[in-house]
Amino acid sequence: MRAGLQLTHVPYPGTPQITTELMAGRLTMSFTILSSVIGQITALATAANKRSSALPDVQTMAEAGMPDFDTSLWIGLVAPAGTPRPVIDTLAGAARQAMHAPDVIETLHKQGYEPLDAGPDEFAAFIRSEITRWSAVARAAGLKS
């Protein structure tokens, strides 16, 4: 919307089908998960707010002229509401320890993921900010639930 582009969303069952269509020239572009297409496509830019360790020579959308463009894929560990804080802290500590293991970091980087070191409170604040940000985008696009 910010760039004034008119794009058409074409639903596909998954990234393999999108990649096939891109390689065949039947799609012009796609936003897709980096780990699924590394080595199969020419990346024009990444949609994260910083360059990917898997593709360090590929510019970000912000570097390509779209400031504050960040549609990073994120994955987090969540627990049911009301889970006691000591349990949350134990789970968060175990997750943090695993995320610092060199083999885990290496595997994540090869797949284009950038591990973040955020605790439960920071992650909860991040989720709230994502809800606010994407709700505004949905309203601007006229989407309704």
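Data block above holds the structure.
Residues numbered from 1 in each chain as written. Predicted model: local features only at pLDDT ≥ 70, side-chain atom pairs only at ≥ 80, totals over all residues. Heavy atoms only, no water.

**Regarding the overall build of the protein chain**
- A count of helices and strands for the protein chain gives five helices and zero strands.
- Listed by position from the N terminus, the elements making up the protein chain come as α-α-α-α-α.
- When the backbone C-alpha atoms are referred to their principal axes, the protein chain occupies close to 50 × 40 × 30 Å.
- Among the 145 residues that make up the protein chain, the fraction classed as buried is 16%.
- Taking as baseline every contact in the protein chain between residues at least 6 positions apart, the subset at least 24 positions apart corresponds to 41%.
- If you sum the accessible surface of the protein chain, you get close to 10,600 Å²; carbon and sulfur atoms cover 60% of it. (Helix = DSSP H or I, 4+ residues; strand = E, 2+ residues; numbered from the N terminus. Buried < 20%, exposed > 50% of the residue type's maximum accessible area, 1.4 Å probe, protein only. Contact = heavy atoms within 4.5 Å. Areas by Shrake-Rupley, 256 points an atom, 1.4 Å probe, with all protein chains shown as cover.)

**Some remarks on the packing of aromatic side chains**
- Evaluated as defined, the whole model comprises four aromatic pairs.
- Seen from their ring centres, phenylalanine 31 and phenylalanine 69 are 6.1 Å apart, and the 25° between their planes marks the pair as stacked. One end of the pair, phenylalanine 31, is in the loop between α1 (15-24) and α2 (34-37); the other, phenylalanine 69, is in the loop between α2 and α3 (85-99), and 38 residues separate them in sequence.
- Here phenylalanine 31 falls in the partly exposed class, since its relative accessible area comes to 48%. (Phe/Tyr/Trp six-rings, centres within 6.5 Å; stacked < 30°, edge-to-face > 60°.)

**So, the side chain of aspartate 70**
- Structurally, aspartate 70 is set in the loop between α2 and α3.
- At a separation of 2.3 Å, a polar atom in the side chain of aspartate 70 contacts the side chain of serine 72.
- Dropping the residues within four chain positions of it, aspartate 70 is found in contact with Ala47, Ala48, Asn49, Arg133 and Trp134. (Polar contact = N/O pair within 3.5 Å; in protein donor to acceptor, adjacent residues only side chain to side chain.)

**Thoughts on unusual backbone geometry**
- Located in the positive-phi region is aspartate 68, a residue other than glycine, with phi close to 60°.
- On the secondary structure map, aspartate 68 appears in the loop between α2 and α3.

**Notes on the side chain of serine 52**
- For serine 52, the location among the structural elements is in the loop between α2 and α3.
- Looking at serine 52, its side chain comes within polar contact range of the main-chain nitrogen of alanine 54, at 3.0 Å.
- Ignoring sequence-local partners within four residues, the contact set of serine 52 consists of Leu34, Thr46, Gly112 and Glu114.

Don't take any of this as a statement about function, it's just geometry.
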